[in-house]
Amino acid sequence: MSFRIGQGYDIHQLAQGRELILGGVKIPHHKGLLGHSDADVLLHAITDALLGALGLGDIGAHFPDTDAKYKGADSIILLKESYKLITEKGYVLVNADATIIAEKPKLKPYISQIRESIAAALSAEVGAISVKATTGEKMGFIGREEGIAAQAIVLLKAL
């Protein structure tokens with residue numbers, strides 16, 4: 001059985017007048033993430049991990065921010081399209097493990113909903129999706145609440 005591992009990382013600035021969307025879930029907060037799409041750092045990190053596992057480039061190569069078609073794009077759709085590439089190559093997700101790094105808001109109340117959202121997008125069991133949250137301990141740009149980052153690792157197996 002052939003296995004492939006991929007890792008992804010993304011970061012976006014927080015800005016007024018934007019919705020905060022993490023893992024496809026709208027999170028109540030006074031700021032949202034700034035980006036060409038909905039700027040969902042968590043889904044972008046998972047998407048990069050999936051694509052990277054099979055050497056298919058990154059999210060920017062498939063959904064460039066220079067293309068008006070992706071302006072305001074729903075990152076769940078980008079994740080689904082990327083996962084379709086993975087399955088077309090004969091692989092399926094075994095599991096995904098991701099961490100969101102944000103000073104605020106506190107994300108624990110939303111983790112189950114985020115896991116369910118990601119699992120549904122990837123046609124996976126919720127148990128195959130791990131999402132954790134941590135803070136910047138008030139240090140750096142994350143600690144100053146200027147941005148949010150996410151990292152992800154996925155394991156794929158050949159069918």
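Scroll up to find the structure this text is about.
Residues numbered from 1 in each chain as written. Predicted model: local features only at pLDDT ≥ 70, side-chain atom pairs only at ≥ 80, totals over all residues. Heavy atoms only, no water.

A. Broad picture of the pattern of salt bridges. Scanning all chains against the criterion turns up 4 salt bridges. Note that Lys132 is salt-bridged to Asp97, the shortest N-O span being 2.4 Å. Of this pair, Lys132 sits in strand 6 (residues 129-134) while Asp97 sits in strand 5 (residues 91-101), and the two are 35 residues apart along the sequence. Accessibility expressed as a relative area gives 35% for Lys132, which makes it partly exposed. Judged by its relative accessible area of 32%, Asp97 is partly exposed. Here Glu146 and Arg144 are joined by a salt bridge, their closest N and O atoms 2.8 Å apart. (Salt bridge = Lys/Arg side-chain N within 4 Å of Asp/Glu carboxyl O. Helix = DSSP H or I, 4+ residues; strand = E, 2+ residues; numbered from the N terminus. Buried < 20%, exposed > 50% of the residue type's maximum accessible area, 1.4 Å probe, protein only.)

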